[in-house]
Every structure is written in C-alpha cells, then in structure tokens.
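Single-letter residue listing:
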Amino acid sequence: MRLTDSDKEYLKAWGYLEQDMKQIEEAMRKTVYKINHKRRISAKKASKLLGREAYLSGLSRSAFHWSASRDIGDSGNTVSFDSSSLFQESGIDLRRKEWL
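Residues numbered from 1 in each chain as written. Predicted model: local features only at pLDDT ≥ 70, side-chain atom pairs only at ≥ 80, totals over all residues. Heavy atoms only, no water.

**Overview of the pairing of strand β1 (residues 32–35)**
Convention followed: Here, strands pair whenever DSSP counts at least two bridges between them. A helix here means a DSSP run of H or I that spans at least four residues, while a strand means a run of E at least two residues long, and both kinds are numbered starting from the N terminus.
The sheet contact formed by β1 and strand β4 (residues 78–82) spans four bridges and is antiparallel. Bridge pairing in β4 places Ile35 opposite Val79. Examined bridge by bridge, β1 and strand β2 (residues 39–41) share three bridges and lie antiparallel to one another. Note on β2: the bridge partner recorded for Tyr33 is Ile41. Counted between consecutive antiparallel strands, the loop separating β1 from β2 contains three residues, among which Asn36 sits at a positive phi close to 50°.

Here it is, written out as structure tokens:
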C-alpha cells in the first residue's frame with residue numbers, strides 16, 4: 001500500500017510535513033497490525049475496519065512514536081499498530097534507561 005494524494009492531504013491538515021510522508025509510507029509497509037493485540041491483520045484490513053481517517057491517524061502516530069491503537073467504532077475492539085521495527089533498524093534503542 002502507498003499513501004494516496006488524499007491521504008497526504010489529511011496528514012498535512014493534521015500538521016505533518018511533506019518530508020514526513022516517506023516515514024509514514026515506510027511504516028505502512030513495516031507496521032504489525034493486530035486486532036485486540038492478538039490476531040495479526042494486514043494494513044488493508046486495518047484500513048477497512050477503522051476507516052481511512054482513523055487508520056491514517058493510528059499509522060502516523062505509530063510511525064513517529066513506536067506504537068498506537070485505534071478503536072473499531074463502538075465494537076469494543078481495537079486495532080494496534082506496532083512500528084517498533086522502524087526504530088530498531090535505525091539503531092535507536094528506546095528501551096535504554098540512561099539518557100545522554
């Protein structure tokens with residue numbers, strides 16, 4: 001999946017910059033999506049369950065903050081977004097307890 005022009009307009013309206021789009025698209029491919037933190041699903045399925053706007057909200061949050069979750073309407077279920085692989089590949093280990 002890739003960000004559409006419409007997706008980019010939503011993200012820019014929320015304050016994201018053009019240079020942020022590359023990281024959000026990378027997150028779209030590498031993020032692990034799960035329902036209720038258990039069953040793994042595809043990005044396409046996550047987008048369908050949440051609706052495009054809520055999906056983009058969760059994806060963009062996790063792309064810069066490791067993880068996020070969004071409720072699936074009033075169903076009592078959630079989709080979790082785990083983008084930690086983006087940070088591990090960059091050599092950043094956010095689990096360290098010491099700060100430089």
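**Digging into the packing of helix α1 (residues 5–13) against helix α4 (residues 52–65)**
Short version of the rule: The axes are straight lines fitted to the C-alpha atoms, using for helices just the contacting stretch, and the angles between their N-to-C directions are given from 0 to 180°. Note on terminology: angles under 35 degrees are roughly parallel, angles over 145 are roughly antiparallel, angles of 65 to 115 are roughly perpendicular, and the others are oblique. Left-handed describes a crossing in which the near helix is turned anticlockwise from the far one by less than a right angle; the clockwise case is right-handed. In this analysis, two residues are considered to be in contact whenever any of their non-hydrogen atoms come within 4.5 Å of each other. Each residue is assigned to one of three groups, with Ala, Val, Leu, Ile, Met, Phe, Trp, Tyr, Cys and Pro labelled nonpolar, Asp, Glu, Lys and Arg labelled charged, and all others, Gly among them, labelled polar.
Running from N to C, α1 and α4 point in directions that differ by 60°, and their axes come no closer than 11 Å. Comparing the axis directions of α1 and α4 gives the class oblique. The way α1 lies across α4 gives a crossing that is right-handed. Along its contact with α1, which presents Asp7, Tyr10 and Leu11, the element α4 presents Arg52, Glu53, Leu56 and Ser60. Among the residues forming the contact of α1 with α4, the class breakdown is three nonpolar, one polar and three charged.

**Here we look at the packing of aromatic side chains**
Rule in force here: Aromatic contacts are taken between Phe, Tyr and Trp rings whose centres are within 6.5 Å, Trp giving its six-membered ring; a plane angle under 30 degrees counts as stacked, one over 60 as edge-to-face, and the others as tilted. Burial classes follow relative accessibility: with a 1.4 Å probe on protein chains only, a residue under 20% of its type's maximum area counts as buried, one over 50% as exposed, and anything between as partly exposed.
Inspection of the entire model under this criterion finds six aromatic pairs. Seen in terms of ring centroids, Tyr16 and Phe64 are 6.0 Å apart; in terms of plane orientation they differ by 25°. Their pairing is stacked. Residue Tyr16 is located in the loop between α1 and α2 (21–30), and its partner Phe64 is located in helix α4; the two are separated by 48 residues in the primary sequence. In this structure Phe64 comes out as partly exposed when scored by relative accessible area, which is 28%. Site record: aromatic cluster; members linked through ring pairs are Tyr33, Tyr55 and Phe81.

**Concerning the confidence of the model for the protein chain**
Our working definition: Looking at any residue, its pLDDT shows the predictor's confidence there, from 0 to 100.
For the protein chain, per-residue confidence averages 89 on the pLDDT scale, and 88% of positions sit at 70 or higher. Model confidence for the protein chain, summarised as mean pLDDT per element, is weakest for helix α5 (residues 84–89) at 81 and strongest for β4 at 97.

**Let's talk about the side chain of Ser47**
Here is the rule we go by: N or O atoms closer than or at 3.5 Å make up a polar contact, with two conditions inside protein: a donor-capable atom paired with an acceptor-capable one, and, for residues adjacent in sequence, both atoms drawn from side chains.
Looking at the element boundaries, Ser47 is found in helix α3 (residues 43–50). A polar side-chain atom of Ser47 sits 3.1 Å from a polar atom in the side chain of Arg52. Among residues more than four places away in sequence, those in contact with Ser47 are Arg52 and Tyr55.

**Quick notes on the nonpolar core**
Convention followed: Remark: nonpolar core denotes a set of buried residues (Ala, Val, Leu, Ile, Met, Phe, Trp, Tyr, Cys) joined through side-chain atoms within 4.5 Å.
Counting residues in each nonpolar core, the largest one holds 22 residues, and the members touching the most others are Leu3, Tyr33, Tyr55, Leu59, Val79 and Phe81. Every element with two or more residues in this core is listed here: α2, β1, α3, α4, β4 and α5.

**Topic: the packing of α2 against α4**
Where α2 contacts α4, the axes come no closer than 9 Å and their chain directions differ by 105°. Considering the angle they form, α2 stands roughly perpendicular to α4. Side by side, α2 and α4 meet where Gln23, Ile24, Ala27 and Met28 of the first sit next to Arg52, Tyr55, Leu59, Ser60, Ala63 and Phe64 of the second. Residues of the contact of α2 with α4, tallied by class, amount to seven nonpolar, two polar and one charged.

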